2 protein chains.
Amino acid sequence: MVNSRFSVAIHILSLIATTSDKSQLTSDYIAGSVNTNPVVVRRMIGVLKKAGLLTSQTGIAGYDLLVEPKDLTLLAIYQAINGPEQLFAIHDEPNPDCTVGRKIQCTLEGVYTSVWHAMEEQLQAQTLQDVLDQLR
Amino acid sequence: MVNSRFSVAIHILSLIATTSDKSQLTSDYIAGSVNTNPVVVRRMIGVLKKAGLLTSQTGIAGYDLLVEPKDLTLLAIYQAINGPEQLFAIHDEPNPDCTVGRKIQCTLEGVYTSVWHAMEEQLQAQTLQDVLDQLR
DNA sequence: CAAACCTGTAACTATAATGGTTACAACGGG
DNA sequence: CCCGTTGTAACCATTATAGTTACAGGTTTG
């Protein structure tokens, strides 16, 4: 199972998008909604900030989205967190003296690429706004 | 990143499907091709056996597929290993007193279900035979 | 200015997953 | 019987994950 960071990120971004009173929107408050630690929240927000999805200012409560929810795809969020990392791991150094071992890595990469493309399409098709609509 | 078990399973099944001399096909030999430990191989084979993909007999070298490579989808292999497990984790117990927290789990499940379906289709569309063809 | 907030980040910890390893019981074939 | 094999339990090392403490530095308010 993949870790829960993607879930936490979507939760955080949803809160930022829907909370009108910015002074209320502290890492402590967000942590209370997500049910985790404020530092975990700030750490995740740091990642999303680096990816250009939001801004914040040291010392001041509140965060601002830099992308409209309707323009923020789940794929963009996913990539902000995981980078270009492969989804499935391939075992290291299979035996090159074996017909299977020699070509298995390359073959699996092809398989995983097609699987990943299918996921990508789904993530691209859904935006933060879609999530917000379902949270109503 | 997801663990490498799926990759290892496909590798093992490919070897079983392509090795004609069964007395050669020991867990030790397979481990040599995969580049891992014989026990890791036997452990994985135990899982695949429980799922009904192959047979073996204590004390005798060799394994036999119970499903023709052309009928063995990568989805079947994936499910043999991972069961019905969700792909993405969702964080526990978000705050029910919060509009977002209250409905985020349900919403994310919907999102992940659509993503998983897309993956499923890709895995269903490819068989072990397709993999074997690419290993040539 | 001082106190009370906040963010940003480093560092440490506990827990769990993963894969490798040793060990051994049980089986089969020469 | 003897040797090689499968099937498993048990243990270990490594790593990822998330939680936590601590603190530097910014902001606001009285």
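Residues numbered from 1 in each chain as written. Chains lettered and ligands numbered in written order. Predicted model: local features only at pLDDT ≥ 70, side-chain atom pairs only at ≥ 80, totals over all residues. Heavy atoms only, no water.

## Quick word on the protein's contact with DNA strand C
Let me state the cut-off plainly: By convention in these notes, a residue is near a molecule or strand provided one of its non-hydrogen atoms lies within 4 Å of it. Polar contacts, as counted here, are pairs of nitrogen or oxygen atoms within 3.5 Å of one another; within protein the pair requires one atom able to donate a hydrogen and one able to accept it, and residues that are adjacent in sequence qualify only if both atoms are side-chain atoms. Numbering of helices and strands starts at the N terminus; helices are DSSP runs of H or I of at least 4 residues and strands are runs of E of at least 2. In this classification, the charged set is Asp, Glu, Lys and Arg, the nonpolar set is Ala, Val, Leu, Ile, Met, Phe, Trp, Tyr, Cys and Pro, and all remaining amino acids, among them Gly, are polar.
Near DNA strand C, the surroundings consist of 25 residues, among which R42, K49 and S56 of chain A together with T36 and R43 of chain B are the closest. Sugar and phosphate atoms constitute 58% of the interface atoms of DNA strand C, taking the interface as everything within 4 Å of the protein. For DNA strand C, a base nitrogen lies 2.7 Å from a polar atom in the side chain of R42 of chain A. Elements with a contribution of two residues or more to the surface near DNA strand C: α3 (38-50), β1 (54-57) and β2 (60-65) of chain A together with α3 (38-50) of chain B. The class makeup of the residues in the surface near DNA strand C is seven nonpolar, twelve polar and six charged.

## Regarding the relation of the copies chain B and chain A
Put simply, the test is: A least-squares fit on C-alpha atoms brings the copies together, and the residues used are those whose pLDDT is at least 70 in both copies.
For the pair chain B and chain A, the relating rotation is 180°, the translation along its axis is 0.0 Å, and the fit reaches an RMSD of 0.1 Å. Look at the turn and shift together and you get a two-fold axis relating the two.

## Let's talk about α3 of chain A
Residues and elements named next belong to chain A. Under the convention used in this document: To estimate how far a helix should reach, multiply one less than its number of residues by 1.5 Å. Accessible area is worked out with a 1.4 Å probe on protein chains only. A residue is then buried under 20% of its type maximum, exposed over 50%, and partly exposed in between. Note that the arc is defined by the directions from the helix axis to the C-beta atoms. Only heavy atoms enter the contact rule, under which two residues are in contact if any of them lie within 4.5 Å.
The end-to-end C-alpha distance of α3, which contains 13 residues, comes to 18 Å, matching closely the 18 Å that a straight helix rising 1.5 Å per residue would cover. Among the residues making up α3, those that are buried are P38, V41, M44, I45 and L48. Buried positions in α3, seen along its axis, are confined to an arc of 125° and lie on one side of it. Among the exposed residues of α3, those oriented more than 90 degrees off its buried face are R43 and K50. Check the buried side of α3 and you find it contacts α1 (5-18), α2 (27-34), β1, β2 and α4 (74-82). Between the side-chain oxygen of the N-cap and the backbone nitrogen of V39 there are 2.9 Å, and the N-cap of α3 in question is N37. Positive phi shows up at G52, right after α3, with a value of about 80°.

## Quick notes on the state of the cysteines
All names here are of chain A. Just so we agree on the cut-off: Count a disulfide wherever a pair of cysteine sulfur atoms falls within 2.5 Å.
Applying the stated criterion across every chain, the model contains zero disulfides over all chains. The thiol of C106 is unpaired, and the distance to the nearest cysteine sulfur, on C98, comes to 15 Å. Classification of C106 as exposed rests on a relative accessible area of 62%.

## Comments concerning the interface of chain B and chain A
A common measure of how large an interface is: the accessible area buried when the components associate. Inclusion rule: In short, buried area is how much 1.4 Å probe accessible area vanishes from two parts on joining, totalled over both. The salt bridge criterion pairs a side-chain nitrogen of Lys or Arg with a carboxyl oxygen of Asp or Glu, the two atoms within 4 Å.
Opposite the 50 residues of chain B that make contact, chain A presents 50 residues. Interface area for chain B against chain A, summed over the two sides, is near 4300 Å², with a carbon-plus-sulfur share of 66%. Counting across the interface, chain B meets chain A through zero salt bridges. Taken together, chain B and chain A are joined by 26 residue pairs in polar contact (both at pLDDT 80 or more). Of all the secondary-structure elements, those providing two or more residues to the side of chain B that touches chain A are α1 (5-18), α2 (27-34), α4 (74-82), α5 (99-125) and α6 (128-135) of chain B. Ranked by residue count, the leading element in the side of chain B that touches chain A is α5 of chain B, at 15 residues. Of the residues in the side of chain B that touches chain A, the class split is 26 nonpolar, 19 polar and five charged.

## Some remarks on the pairing of strand β2 (residues 60-65) of chain B
All names here are of chain B. Rule in force here: Two strands make a pair as long as DSSP finds a minimum of two bridges between them.
Here strand β1 (residues 54-57) runs beside β2; their pairing, made up of three bridges, is antiparallel. Among the inter-strand pairings, Q57 is bridged to a residue of β2, identified as I60. Hairpin connection of β1 to β2: two residues between the antiparallel strands, including G59 at a positive phi of 95°.

## Points about the protein's contact with DNA strand D
Among the 27 residues in the neighbourhood of DNA strand D, the closest are listed as T36 and R43 of chain A together with R42, K49 and S56 of chain B. Of all DNA strand D atoms lying within 4 Å of any protein atom, the proportion belonging to sugar or phosphate reaches 57%. R42 of chain B places a side-chain nitrogen or oxygen 2.7 Å from a base nitrogen of DNA strand D. G59 of chain B is positioned such that a nitrogen or oxygen atom in its backbone is 3.2 Å from a sugar or linking oxygen of DNA strand D. Contributions of two or more residues to the surface near DNA strand D are made by α3 of chain A together with α3, β1 and β2 of chain B. Residues belonging to the surface near DNA strand D are distributed by class as follows: eight nonpolar, 13 polar and six charged.

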